[in-house]
Amino acid sequence: MSGKTKELLQMDLYGLLGAESTATAKELKKAYRQRALTCHPDKNPDNPKAAELFHQLSQALEVLTDAAARAAYDKICAAKKQAEERNKKLDSKRKKIKLDLETREQQAEAHKQDEAQMTRTLEEEIARLREEGSRQLEEEQRLIREQIKKERDALSQQSGGDRCSSVTPKLKLKWKCRKDDEANGGYSHDNLMRLLQKYGDVLNLIVSSKKRGSAVVEFATVRAAELAVTNESGLSGNPLKISWLEGEPIIAPQMDQFMSAQSSLTKERDYESIVMMKMRQAAERQKIIEQMQREDEEEET
């Protein structure tokens, strides 16, 4: 296709002549004469573009008065018009898609911010609950230790030194543990301390590094050791076996001492009912802590 032809196809031939696309050949010739008279080079000697315009008018008349050439031109014009309409529709769709995408992105960002805020709020509430639970547990254990100390002092005064004070009470702890279990059956030094300290002051705790599943604990008082032997069962999934190693109290066989022991036992039962009532709340929280520890250990393994 020559440059002249391309240039001609770019022009609106009907518009150039000032005629409608439905004009007849006669109407096209009339329109040509009217336009040609106004732009003829002889009438426009000072307009350098007059000759070019007059030539374009002649080409337009030539094409549009030939049936085959006009049909081809009209076909091209119709295709261009359809393409423009498609582009307009496509542009409209693109604009709508862009707006929809921007709206979804804004909604997603807002939703993300809401989720982040809800997550922060949940984390803060969990932290608060843990802190409050820890404080409550510590307070319960403190009250238990104070009550045990009072009972120990009272028993010490009543028994007149029947219990051996020269040897600190020591207990042996055992639990099931495989040799290759790095978690030591769920019992670390810190875990055991948390389990045992609620009965009284712990002077020393040694977890055996050579023999898995065993430890030795030294309490400050015999009463604390007695409570641990009587009440502590350890983790529900891996219970503790607690036995005396040293300092177990010895009761004399004499009748008067037996009667005194019976009286003390009654007082101890009354006291223990009070202590156990306070320990139930601590035990419930302890179960939650143990459950969290087991879940952490399962995730690590």
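Please refer to the structure higher up on the page.
Summary of the structure given here. Keep in mind the model is a prediction, meaning the values are calculated, not measured.

Rules behind the numbers
Residues numbered from 1 in each chain as written. Predicted model: local features only at pLDDT ≥ 70, side-chain atom pairs only at ≥ 80, totals over all residues. Heavy atoms only, no water. Buried < 20%, exposed > 50% of the residue type's maximum accessible area, 1.4 Å probe, protein only. Helix = DSSP H or I, 4+ residues; strand = E, 2+ residues; numbered from the N terminus. Pairing = 2+ DSSP bridges. Salt bridge = Lys/Arg side-chain N within 4 Å of Asp/Glu carboxyl O. Phe/Tyr/Trp six-rings, centres within 6.5 Å; stacked < 30°, edge-to-face > 60°. Axes fitted to C-alpha atoms, helices over the stretch in contact; angles between N-to-C directions. Contact = heavy atoms within 4.5 Å. Expected span 1.5 Å × (residues − 1). Arc of directions from axis to C-beta. Patch = residues over 30% accessible without salt bridge, like charges linked within 9 Å, V, L, I, M, F, W, Y side chains within 5 Å. Areas by Shrake-Rupley, 256 points an atom, 1.4 Å probe, with all protein chains shown as cover. Polar contact = N/O pair within 3.5 Å; in protein donor to acceptor, adjacent residues only side chain to side chain.

**What to know about the pairing of strand 3 (residues 214–219)**
Among the six residues of strand 3, five are classified as buried, and the element is accordingly described as predominantly covered. Two elements, strand 1 (residues 170–174) and strand 3, share five bridges in a ladder whose sense is antiparallel. Within strand 3, the residue paired with Lys-170 across the bridge is Glu-218. Examined bridge by bridge, strand 2 (residues 202–207) and strand 3 share five bridges and lie antiparallel to one another. Bridge pairing in strand 3 links Val-202 to Phe-219. Following strand 2, the chain reverses through six residues before pairing antiparallel with strand 3; Gly-213 in that reversal takes a positive phi of roughly 80 degrees.

**Some thoughts on the pattern of salt bridges**
For the structure on display, the rule yields 11 salt bridges. The closest approach of N and O atoms between Asp-74 and Arg-70, which form a salt bridge, is 3.9 Å. Here the residue Asp-74 and the residue Arg-70 both occupy positions in helix 5 (residues 67–159), the gap between them amounting to four residues, near one helical turn. Overall, the relative accessible area of 28% leaves Asp-74 in the partly exposed class. Notably, a salt bridge pairs Arg-142 with Glu-139, separated by 2.5 Å at the nearest N-O pair.

**Concerning the packing of aromatic side chains**
For the structure shown, the criterion picks out two aromatic pairs. Ring geometry for Tyr-14 versus Tyr-73: centroids 6.1 Å apart, planes at 45 degrees, classification tilted. Linking Tyr-14 in helix 2 (residues 13–17) with Tyr-73 in helix 5, this pair joins segments that are 59 residues apart in sequence. Take Tyr-14 and Tyr-73: they sit in the same class, and that class is buried. Ring centres of Trp-175 and Tyr-187 lie 4.9 Å apart, and the angle between their planes is 45 degrees; on these two criteria the pair is classed as tilted. Note that Trp-175 is positioned in the loop between strand 1 and helix 6 (189–196) and Tyr-187 in the loop between strand 1 and helix 6, a separation of 12 residues in sequence.

**Here we look at unusual backbone geometry**
Not every positive phi belongs to a glycine, and Asn-184 is a case in point at roughly 60 degrees. For Asn-184, the location among the structural elements is in the loop between strand 1 and helix 6. Overall, the relative accessible area of 8% leaves Asn-184 in the buried class.

**Examining the sheet that holds strand 3**
Strand order in this open sheet of four strands is 2-3-1-6, and the pairing throughout is antiparallel. In this open sheet, the two strands that pair with only one neighbour each are strand 2 and strand 6 (241–246). Taken over all neighbouring pairs, the strand axes of this sheet differ in orientation by 20 degrees on average, direction set aside. In the sheet, strand 1 pairs with strand 6 via five bridges, with the strands oriented antiparallel. Bridge pairing in strand 6 places Lys-170 opposite Glu-246. The sheet strands contacting helix 6 are strand 1, strand 2 and strand 3, and the helix crosses strand 2 at an angle near 145 degrees. Sitting on the sheet, helix 7 (residues 222–231) is in contact with strand 1, strand 3 and strand 6, with an inclination near 150 degrees to strand 6.

**Description of helix 3 (residues 25–39)**
When the terminal C-alpha atoms of helix 3 are compared, their 21 Å separation across 15 residues agrees well with the 21 Å that a helix rising 1.5 Å per residue should span. Within helix 3, burial applies to Leu-28, Ala-31, Tyr-32, Ala-36 and Cys-39. Each buried residue of helix 3 sits inside an arc of 130 degrees when the element is viewed along its axis, so together they form one side. Of the exposed residues in helix 3, the ones pointing more than 90 degrees away from its buried face are Lys-26, Lys-30, Leu-37 and Thr-38.

**Some words on a nonpolar patch on the surface**
On the surface, Ile-206, Val-216 and Leu-245 cluster together to form a nonpolar patch covering roughly 240 Å² of accessible area. Examined against the element boundaries, Leu-245 turns out to sit in strand 6. By relative accessible area, Leu-245 is classed as partly exposed at 47%.

**Side note on the environment of Thr-121**
Along the chain, Thr-121 falls in helix 5. Residue Thr-121 is classed as partly exposed on the basis of its relative accessible area of 34%. Within the structure, the side chain of Thr-121 is placed 2.8 Å from the backbone oxygen of Gln-117, a separation counted as a polar contact.

**Comments concerning the environment of Leu-61**
Mapped onto the elements of the fold, Leu-61 is located in helix 4 (residues 50–64). The spatial distance from the C-alpha of Leu-61 to the C-alpha of Tyr-14 is 9.0 Å, given a sequence separation of 47 residues. Discounting residues that sit within four places of it in the chain, Leu-61 has contacts with Leu-17, Leu-28, Lys-29 and Tyr-32.

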